Amino acid sequence: MYCVRKLKNDLWWVGANDRKLALFEGQYPILRGVSYNSYLLLDEKTVLLDTVDKSVSGQFLENIAYVLGDRKMDYLIVNHMEPDHCATVAEVALRYPEVTLVCNQKTVPMLEQFFGKGITGKIQVVDEKATLNTGKHILAFVMAPMVHWPEAMMTYDSTEKTLFSADAFGSFGALHGHLFADEVCFEEEWLTDARRYYTNIVGKYGAAVQTVLKKAAAVPISMVCPLHGPIWRENLGWIIDKYSHWSACEPEETGVVIAYASVYGNTENAAQILAMKLADAGMKKVRVYDVSTTHVSELVAEAFRYSHLVFAAPTLDGGVFPAMAELLHHLVAHNLHHRKVAFLENGTWAPMAAKGMEQILSACKDLTVLKPTVTMKSSLDMDGLAAIDALVAAIAEV
């Protein structure tokens, strides 16, 4: 049975939700599931904007059939070729043989790679200056390379001032009937998933996102329709401000993330003492995480959120504890910068973790390393406690 919702005038949501998938892209836990958004415009010409993942294709195809009725499908706009959005392109083309695929030049070889050369029979290639007149609506195309694939683009309906933003402004989480961000308490219920989605999926490509944000600022926008998560029609400035911070890698908030690894509890104890002393010094936002039990995607998101990062780890085999090393490499891969960082190390006979952690993070730009580095030998002593006090004073100078 179809499951659709009318968004505005002649625009419908025809996507679907997946609450069974445990790991998005095989690596990100999604306890709240994920939505695959697709949009169908019923103008003089009918236009489908993107498709969905194969896992929800049955629901999606029923939705299209209901909304289209006895009309044909004239256009399918392919904004993004990642399989969670393009997996059913070939099926749509098979069911609606008169459809023309609208995409940019970089998309064409990807269509062939995923579906074979037969799929390229009806293609209209567009560029930044192209428009598509569907009757009452004029659709323009905004190239968004590396947000977060090279072929990515967005579609702008200049008639309704609606931006179909591909993976930008998306979020983890399945939709619960409410499709609009203003129908839910987004900041409480969705912001954490939106941040984790952006930082882990798109975070590395902040410069490309900044370029697209500048393009978007040049046109009036009344609604933003992403390919995952809620649709934005109110308070657009708020979510755009979040994206501005995330894409520039500027902290959203002044606060401290203490990420620790601990074998026998002594390093954990030092991390807890540091957190207590920071709170006592008046630091309002302090977050403590065990890197061995917290998924790295959550830690990456928190690192993008806060201004100060403390990494505490024991030495293992003359190097950095593996779970901590994994986190640090992820931060480098996601292009973290503009942060103040500090280190706490432990080692019974040869503490080497701080040197290794700092060496990994040396690939990041514009990191300020706060001193002192806290060094423990087995457990925290009075000298180590004094070093923590000095580190608290350095962090508190914000």
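Described in the following lines is the structure provided in the data block.

Rules used throughout
- Residues numbered from 1 in each chain as written.
- Predicted model: local features only at pLDDT ≥ 70, side-chain atom pairs only at ≥ 80, totals over all residues.
- Heavy atoms only, no water.
- Pairing = 2+ DSSP bridges.
- Helix = DSSP H or I, 4+ residues; strand = E, 2+ residues; numbered from the N terminus.
- Axes fitted to C-alpha atoms, helices over the stretch in contact; angles between N-to-C directions.
- Contact = heavy atoms within 4.5 Å.
- Buried < 20%, exposed > 50% of the residue type's maximum accessible area, 1.4 Å probe, protein only.
- Right-handed = clockwise from strand over helix to strand, strands pointing away.
- Core = buried A, V, L, I, M, F, W, Y, C linked by side-chain atoms within 4.5 Å.

**Observations concerning the sheet that holds strand β11 (residues 123–125)**
- Read across the sheet, 7 strands follow the order β1-β2-β7-β8-β9-β10-β11 without closing on themselves; strand pairing throughout is mixed. Each having just a single partner strand, β1 (5–8) and β11 make up the two edges of the open sheet. Strand-to-strand twist in this sheet, taken as the mean axis angle between neighbours without regard to direction, amounts to 25°.
- Summarising the sheet, strand β10 (residues 100–103) and β11 pair through 3 bridges and their orientation is parallel. Opposite C103, over in β11, you have V125 as the bridge partner.
- The sheet contacts of helix α1 (residues 57–68) involve β2 (11–13), β7 (39–42) and β8 (46–49), and relative to β7 the element is tilted by about 10°.
- Those strands touched by helix α4 (residues 107–115) are β10 and β11, and its axis lies near 125° from that of β10.

**What to know about the pairing of β8**
- The two faces of β8 match: T46 and L48 on one face and V47 and L49 on the other face are all buried.
- The turn linking β7 back onto β8 is made up of 3 residues.
- Both β8 and strand β9 (residues 75–77) contribute to a ladder of 3 bridges, which runs parallel. Considered in β9, the bridge of V47 is made with Y75.
- For the handedness criterion, the β-α-β arrangement of β8, α1 and β9 is classed as right-handed.

**Points about the nonpolar core**
- Y39, L48, I64, V92, F141 and I231 are the most contacted members of the largest nonpolar core, which has 84 residues in total.
- Considering each element in turn, this core owes the most residues, 6 residues, to helix α6 (residues 191–202).
- Excluding residues that lie within four positions of it along the chain, F141 makes contacts with I77, V102, V126, D127, E128, A130, T131, L132, M153, M154 and T155.
- Counting 33 residues, the second-largest nonpolar core is a separate cluster that includes L299, V320, M357 and C364.

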